[in-house]
Amino acid sequence: MVEDEHGGRRLEVRVRGDFIDSNNQNKLLDIDLVQQNLTTSKIGKRIIHLATTPSTNTEAKELLAEGCEEGTAVVADVQTEGRGRLQRTWYSPPGGLWLSVILKPSGLQPEKLPLMSLAAGVAAAKSISSLYPVEVHLKWPNDILITSKKLGGILNEAVYSGTELDGVIIGMGLNLDLPLGDLEEDLQNTATTLRTELPESVEISNEKILAGILNHIERLYDLLISGKHNEIIKEWERYSTTIGSRVSVNLDGDNKLKGEAVGVDELGALMVKTDDGSIHTILAGDCLYLIEEG
Ligand code: BTN
């Protein structure tokens, strides 16, 4: 482990194990560059950079249990057991951004946590679209899309001691500077990468994207803590392709609900109007678009 002091920000690089592909060593994130682009006071003040780890969310949970400071971020160049929503595995090769941020929103009612997932999506969409000529969209609850294909996703995990909330891990995976061919074959029809969506001449900086995400996470987290939920929702709606779409939402088991997505409520739950005119509020589920937007 190498440890250094950079203007009060602690930089740590831990290299555990070998790179999956040693030719990709030049893909190692430059954490100095990330920190030069940060404007935050607590998010990303400490960044733990791992060459490879099973899952940054798992690593972040361990750090939380050890009593790390709020805002600590964990990034890995490669995850070997990355986790997605609904117990899916998350393929995490070099060139992507595999990130977890530890928050300790003491006193926040747990029912407001889904708003932090929406906020994380906004942070990713804003950071990428302010740096590159691409339109990034958000699909409820946690998908980040370009041209209707999945660029990334969010897996937030709350950690409790009994009924008390110890913290929340914001997990984010983004397929950034890697060709589509580096993704698993069965993902290649439904997923995309930023590299695929940009002309070859455009250089991608995972560092600048990461710094932008951390800056926005801090801003949006402050909105959440100060009760300005509507502002988070308004920002999410600006990027969302869900509202106004016909959707099918997978609920528990084989249950599906079909209808028109008409909005999200003040807690980030999706409101779906079914064909009989009734409105259903859905806290969690997997959402499919029945008709392509646009
Ligand atoms: C999804 O299913 O869409 C969510 C994917 C979230 C993946 C990220 S990558 C960083 C963090 N660590 C994990 O193991 N998962 C999340």
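Residues numbered from 1 in each chain as written. Predicted model: local features only at pLDDT ≥ 70, side-chain atom pairs only at ≥ 80, totals over all residues. Heavy atoms only, no water.

1. Looking at the site of the ligand
The environment of the ligand is made up of 18 residues, and the closest members are Ser55, Gln79, Arg83, Arg85 and Lys150. Serine 55 places a side-chain nitrogen or oxygen 2.8 Å from an oxygen atom of the ligand. For the ligand, an oxygen atom lies 2.7 Å from a polar atom in the backbone of arginine 85. Taking 410 Å² as the accessible area of the ligand by itself, protein coverage stands at 99%. At four residues, strand β8 (residues 149-161) tops the list of elements feeding residues into the shell around the ligand. A breakdown of the residues in the shell around the ligand according to their chemical character gives five nonpolar, ten polar and three charged. (Near = heavy atom within 4 Å. Polar contact = N/O pair within 3.5 Å; in protein donor to acceptor, adjacent residues only side chain to side chain. Areas by Shrake-Rupley, 256 points an atom, 1.4 Å probe, with all protein chains shown as cover. Helix = DSSP H or I, 4+ residues; strand = E, 2+ residues; numbered from the N terminus. Nonpolar A, V, L, I, M, F, W, Y, C, P; charged D, E, K, R; others polar.)

2. As for the packing of helix α3 (residues 113-131) against helix α6 (residues 229-239)
Direction vectors running N to C along α3 and α6 enclose 50°, while the axes themselves pass 9 Å from each other. By the angle class used here, α3 and α6 are oblique. Between α3 and α6 lies a crossing of left-handed hand. Between α3 and α6, the contacting residues are Leu115, Leu118, Ala119, Val122, Ala125, Lys126 and Ser129 on the first element and His229, Ile232, Ile233, Glu235, Trp236, Arg238 and Tyr239 on the second. When grouped by side-chain class, the residues that make up the contact of α3 with α6 number nine nonpolar, two polar and three charged. (Axes fitted to C-alpha atoms, helices over the stretch in contact; angles between N-to-C directions. Parallel < 35°, antiparallel > 145°, perpendicular 65-115°, else oblique. Left-handed = near helix turned anticlockwise from the far one by under 90°. Contact = heavy atoms within 4.5 Å.)

3. Details of unusual backbone geometry
Cis geometry is found at the peptide bond from tryptophan 140 to proline 141, where omega equals 0°. In this fold, proline 141 is placed in the loop between β6 (136-139) and β7 (143-146). Phi is positive for leucine 86, close to 55°, though the residue is something other than glycine. Along the polypeptide, leucine 86 turns up in the loop between β4 (73-79) and β5 (97-103). Residue classification places leucine 86 among the partly exposed residues on the basis of a relative accessible area of 46%. (Buried < 20%, exposed > 50% of the residue type's maximum accessible area, 1.4 Å probe, protein only.)

4. Considering the environment of lysine 61
As for its placement among the helices and strands, lysine 61 is situated in helix α2 (residues 56-65). You can call lysine 61 partly exposed: its relative accessible area is 31%. Between the alpha carbons of lysine 61 and glutamate 157 there is a distance of 8.9 Å; along the sequence they are 96 residues apart. Excluding residues within four positions of it along the chain, lysine 61 makes contact with Arg83, Glu157, Val159 and Ile169.

5. Description of the confidence of the model for the protein chain
Averaged over the protein chain, the pLDDT score is 89; the fraction of residues at 70 or greater is 89%. Taken together, the stretch residues 1-27 has pLDDT below 50 and engages in 56 contacts with residues farther than four places along the chain or on a different chain. (pLDDT = per-residue confidence, 0-100.)

6. Some remarks on the pairing of strand β9 (residues 164-174)
β9 sits mainly inside the fold: nine of its eleven residues count as buried. Inspection of the sheet shows β5 paired to β9 by seven bridges, in the antiparallel sense. Across the sheet, residue isoleucine 102 finds its bridge partner in β9, namely isoleucine 169. Across ten bridges, β8 lies against β9 in antiparallel orientation. Paired with isoleucine 154 across the bridge in β9 is methionine 172. Connecting β8 to the antiparallel partner β9 that follows it, the hairpin turn spans two residues, and glycine 162 within it adopts a positive phi of roughly 60°. (Pairing = 2+ DSSP bridges.)

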